[in-house]
Amino acid sequence: MDEDENEMEDVVVPNEDVDTMMMLGKHYILNYIMKQAAKPLKGIPYHYKDVKNYPMEEQKKWEQACKEEIKSIEDRNVWTLVDCPPDRKPVKCRWVFAKKSDGRFKARLVAKGFSQIYGEDYDETFSPVTRFETVRLLLAYACRNDWEIESLDVKTAFLYGRLDEEIYMEQPEGFKVPSSSNKVYRLLRALYGLKQAALAWNKELHKSLLKLNFKRSKSDPGVYIFQDKSGIMLFIVYVDDGLLMSNSAKLLKKKKTTFLNV
């Protein structure tokens, strides 16, 4: 996103109020939104190099967050270090930092998907999610019938998605292998930021749910249904979040535990 950051500095945002901006045209409001979104948050590094501007105690926490992210990636065999083929241009990457509501320091390595080349680094990108109307309807039905409802957040979900394409990525800043600094990573699984990351994750999720004998709804591809003599359970998918509903607490707990261990 470095190329875009320079452009953002030139964005002109009017001083008028929202009503005036509406009169001037939609591009004024879009400029304003883009400018606000690009602003670095106070107390959070915008670039990896910014970490060194913080007190030593915070530097250690940000560095530890980066190490934990690298460990998660390597534990899931997301990449392998190779020589970049002469006819391929590696995708760039960057660190994204955040502080969680519980005070944890979080770092995520994100691929710069805008540098991917269509037909070479990616093809299909669409990933089905459930419709909001479906979620509202099913929540109302579950509440009406006193069903069990639980949410599910799969940690580093996109790292589970296997890639069909041959993608190479530069080594992340601050974590280049000293003896192989000229090499790149061949991505075997999806990384956040890749154009096909959500689709790759959805494919893996679909396979896992089929193994648990769930069936995908024909009317909404984001809804999976399981039913046997022990009860009925719904698994509602929205990108990397899940909403579980069942008329049996025992069934829900069993399926949730099994899913997390698949």
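Residues numbered from 1 in each chain as written. Predicted model: local features only at pLDDT ≥ 70, side-chain atom pairs only at ≥ 80, totals over all residues. Heavy atoms only, no water.

A. Representation of the overall build of the protein chain in the model. Scanning the protein chain from N- to C-terminus turns up 7 helices and 10 strands. In the protein chain, which comprises 262 residues, the share counted as buried stands at 41%. Look at the contacts in the protein chain between residues 6 or more apart in sequence, and 65% of them connect residues 24 or more apart. Total accessible area on the protein chain stands at roughly 16,300 Å², and carbon and sulfur atoms take up 52% of it. (Helix = DSSP H or I, 4+ residues; strand = E, 2+ residues; numbered from the N terminus. Buried < 20%, exposed > 50% of the residue type's maximum accessible area, 1.4 Å probe, protein only. Contact = heavy atoms within 4.5 Å. Areas by Shrake-Rupley, 256 points an atom, 1.4 Å probe, with all protein chains shown as cover.)

B. Representation of the pattern of salt bridges within the structure. On inspection of all chains with the given rule, the structure shows 10 salt bridges. Note that Asp121 is salt-bridged to Arg88, the shortest N-O span being 2.9 Å. In this pair, Asp121 sits in the loop between β3 (105-111) and α5 (132-144) while Arg88 sits in the loop between β1 (79-82) and β2 (93-99), placing the two residues 33 residues apart along the sequence. In terms of burial, Asp121 and Arg88 fall into one category: buried. Of the charged contacts in the structure, one is a salt bridge between Glu133 and Arg131, with a shortest N-O distance of 3.6 Å. (Salt bridge = Lys/Arg side-chain N within 4 Å of Asp/Glu carboxyl O.)

C. Highlighting the packing of aromatic side chains. Taken as a whole and judged by the stated rule, the model has 14 aromatic pairs. Relative to Phe175, the ring of Tyr48 lies with its centre 6.4 Å away and its plane at 70 degrees, an arrangement referred to as edge-to-face. Separated by 127 residues along the polypeptide, Tyr48 in the loop between α3 (26-37) and α4 (56-75) and Phe175 in the loop between β5 (162-169) and β6 (184-189) bring together distant segments of the chain. Among the residues examined, Tyr48 registers a relative accessible area of 12% and is labelled buried. Residues Tyr118 and Tyr122 carry aromatic rings whose centres are separated by 5.4 Å and whose planes lie at 70 degrees to one another, so their mutual orientation is edge-to-face. You can call Tyr122 buried: its relative accessible area is 15%. Through successive ring pairs, a cluster of aromatic residues spans Phe214, Phe226, Phe235 and Phe259. When the ring centre of Tyr46 is taken as reference, the NZ or CZ atom of Arg94 above it lies at 4.9 Å. (Phe/Tyr/Trp six-rings, centres within 6.5 Å; stacked < 30°, edge-to-face > 60°. Lys NZ or Arg CZ within 6 Å of the ring centre and 35° of its normal.)

D. Up close: the sheet that holds β1. In space, the 3 strands of this open sheet follow the order β1-β6-β5, with antiparallel pairing throughout. One side of each edge strand has no neighbouring strand; the edge strands of this open sheet are β1 and β5. Direction aside, neighbouring strands of the sheet carry axes that sit 20 degrees apart on average. The pairing of β1 with β6 spans 4 bridges and is antiparallel. Along β6, the bridge assignment pairs Leu81 with Tyr185. (Pairing = 2+ DSSP bridges. Axes fitted to C-alpha atoms, helices over the stretch in contact; angles between N-to-C directions.)

E. Region of interest: the nonpolar core. In terms of nonpolar packing, the biggest core is built from 51 residues, with Trp95, Phe97, Met169, Leu191 and Phe235 touching the most fellow members. In contact with Phe235, other than residues within four places in its own chain, are Leu152, Leu205, Leu209, Phe214, Gly222, Val223, Tyr224, Gly242, Leu243, Leu244 and Phe259. The next biggest cluster of nonpolar side chains, apart from the first, holds 9 residues, and it includes Trp147, Val223, Leu234 and Ile236. (Core = buried A, V, L, I, M, F, W, Y, C linked by side-chain atoms within 4.5 Å.)

F. A look at the sheet that holds strand β7 (residues 215-216). Spatially, β4-β10-β9-β8-β7 is the arrangement adopted by the 5 strands of the open sheet, whose pairing is antiparallel. Where the open sheet ends on each side, the last strands, each with one partner, are β4 (148-153) and β7. Packing against the sheet, α5 makes contact with β4, β8 (223-228), β9 (231-238) and β10 (241-246), and its axis sits at approximately 30 degrees to β10. Packed onto the sheet, helix α7 (residues 249-260) meets β4, β8, β9 and β10 and runs at close to 10 degrees relative to β4.

G. Examining α5 more closely. Here α5 is 13 residues long and its end C-alpha atoms lie 18 Å apart, about the 18 Å a rise of 1.5 Å per residue gives. Those residues of α5 that fall on the buried side of the exposure criterion are Thr134, Val135, Leu138 and Ala142. Considered in projection along α5, the buried side chains sweep an arc of 95 degrees and stay on one side of the axis. The exposed set on the far side of α5, more than 90 degrees from its buried face, consists of Phe132, Arg136, Leu137, Cys143 and Arg144. (Expected span 1.5 Å × (residues − 1). Arc of directions from axis to C-beta.)

H. Region of interest: the pairing of β6. Where β5 and β6 come together, 4 bridges link them in antiparallel fashion. Within the sheet, the bridge partner assigned to Tyr168 lies in β6 and is Arg186.

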